[in-house]
Amino acid sequence: MTADLTSAIMLRPGDPGYDEAATTYMRTGRPALVVQPRSRAGVAAGIQHAVDHHMVLSVKSGGHSALAYGTNDGGVVIDLSGLDSIDVLDDATGRVRVGAGATWGEVATTLGVHGLSLTSGDTKSVGVGGLTVGGGIGWMVRNHGLTIDSLVAADIVTAAGEELPLNDDQNSDLFWAIRGGGGNFGVVTSFEFLAQRVTRVHAGTITYSVGDVSGLLRGWCDAHRAGPHELNSTLVLMPAFGDEMPAMAIGMVCYSGADQAAADAAFAPLLALDGVVSAEIAEKTYADVLEEAHPPPGVTAMATNTLIESVSDEVVAEVADWYAGGTAGRLAFVRALGGAVGRVSSGATAFAHRTAEAMLVGAAFLPTDATTEQLVQELRPFDSIKALGIGAYPGFLGNPNDDVTDVYPAPTLQRLREVKRRYDPTNVFSHNLNVRP
Ligand SMILES: Cc1cc2nc3c(=O)[nH]c(=O)nc-3n(C[C@H](O)[C@H](O)[C@H](O)COP(=O)(O)OP(=O)(O)OC[C@H]3O[C@@H](n4cnc5c(N)ncnc54)[C@H](O)[C@@H]3O)c2cc1C
């Protein structure tokens, strides 16, 4: 049977809209065919076309994969941007259905009108599809958990073109796998979440000088351990960029609740740390906290990460060493976890590292003509931080040498492979952080 492509828009090189559809955040590809489904049947047709013609298959929701898996050269891209509906199914329970091709900025704005929001990521243009199947870490992660912790159902199209409902009672093995196992098991067309009733938050930045990086890291982590779970943050250790921008640390903070006094109390220990240069924190809507992101101009970057159970003195020393060393611009991000992340048992979803108190991200910046190998070399010293971690978060893995064994504990990976063998035995969905059957 040949693929019926009438349920989708087909774009080939030269067609209007092709260039945009072939482009992702990290890279512009040149696929032979872009399939923009209008329905689940269009998704199935795109999969079948790739299988019939032995072509590489990319699945693109928001196109923010750090390794540009959402595009390819010479293959098929299923671009889900048209499946972007956002519906409140039940105001009372906050149950919402979101198309995989919607972006988190659109979700925040639409749900905000209903007094709702969803624990997701920090960037407007990131896609619902890719972030959710990786886990989802954002400004409400410590009080409302990962994005997958609010997921109650989904619809998927499998490698065989079957349309399956996923929830705790139907195809529950697959429902478990898509909550952290990435794009290995099919194309999720829509997700149903129980949204949060957070509308107004207190958020902004605290800027520090970086005279004592170790002291700052220790104080930062202590404040989060003692603080409320509404306190969410990312601390960024930035190198100097030219003469105009000195090295500094920027704490991006969000108290995910409306209470002014409680927010002030949560921020107070961070504002009392040595080296504060300035602070700009204000009450705003949750949608206003999400940011636009653009790849930094004039440089090429690569990132990797590890999840850390306890930011001990040893970890602090390694991060300070990483930040101080190197020939290029090196950044370190400390993203606070803990709280609600740990309320879910490690076997309940394919995101298993529930005991992490922080995610540490290392990023290297080099001039635009640097090769992938040079970037990989620049990231190599981060391995000594990884050695202290329990595994990586797939969303922030941009090093092509990182693989599934860096992400999943052995029992989780074994279970993912069993699900893979059941639903995608020939590895149709291989252009991703690949779980082999
Ligand atoms: C600027 C930037 C900011 C980010 N901020 C955050 C953040 O705050 N929190 C966080 O957790 N992550 C964040 N990320 C990481 C992000 O979650 C991952 O890169 C994610 O994969 C992007 O999803 P996407 O849909 O935009 O990307 P895509 O490139 O479209 O998808 C990435 C991969 O996910 C899989 N996939 C996508 N859609 C589907 C689908 N519908 N069904 C099945 N599989 C699918 C495919 O394997 C695909 O190759 C950020 C990334 C960037 C570049």
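Residues numbered from 1 in each chain as written. Predicted model: local features only at pLDDT ≥ 70, side-chain atom pairs only at ≥ 80, totals over all residues.

Turning our attention to helix α14 (residues 410–423). Helix length check: α14, at 14 residues, gives a terminal C-alpha distance of 20 Å against a target of 20 Å (1.5 Å per residue), a fit within 8%. Along α14, the positions that sit buried rather than exposed are Thr412, Leu416, Val419, Lys420 and Tyr423. The buried residues of α14 occupy an angular sector of 105 degrees when projected down its axis, which confines them to one face. Seen from the open side of α14, the exposed residues pointing more than 90 degrees away from its buried face are Ala410, Pro411 and Gln414. Residues of α14 that are buried make contact with α6 (172–178). (Helix = DSSP H or I, 4+ residues; strand = E, 2+ residues; numbered from the N terminus. Expected span 1.5 Å × (residues − 1). Buried ≥ 20, exposed ≤ 12 C-beta atoms within 10 Å, placed from the backbone. Arc of directions from axis to C-beta. Contact = placed C-beta atoms within 7 Å.)

A word on unusual backbone geometry. For Ala68, which is not glycine, the phi torsion reads 55 degrees and is therefore positive. Its place among the elements puts Ala68 in the loop between β3 (57–60) and β4 (76–79). Backbone geometry places Asn427, a non-glycine residue, at a positive phi of 60 degrees. Overall, Asn427 belongs to the partly exposed group, with 15 C-beta atoms counted inside 10 Å.

What follows deals with the pairing of strand β14 (residues 299–308). Most of β14 sits out of view: seven of its ten residues are buried. Note that β14 and strand β16 (residues 358–367) share ten bridges and pair antiparallel. Bridged to Thr306 within β16 is Leu360. (Pairing = 2+ DSSP bridges.)

A word on the domain arrangement of the protein chain. Taken domain by domain, the protein chain comprises domain 1 (8–81), domain 2 (83–197) and domain 3 (200–406). When each unit is reduced to the centre of its C-alpha atoms, the spacing between domain 1 and domain 3 is 32 Å. (Domains from an automatic or database assignment.)

Right, let's talk about the nonpolar core for a bit. The biggest cluster of nonpolar side chains holds 125 residues, and the ones touching the most others in it are Leu174, Ile178, Ala358, Met359 and Leu360. For this core, the element with the highest residue contribution is β16, accounting for seven residues. Beyond its immediate stretch of four places on either side in the chain, Ile178 contacts Val133, Ala154, Ile156, Leu166, Phe185 and Val188. (Core = buried A, V, L, I, M, F, W, Y, C linked by C-beta atoms within 7 Å.)

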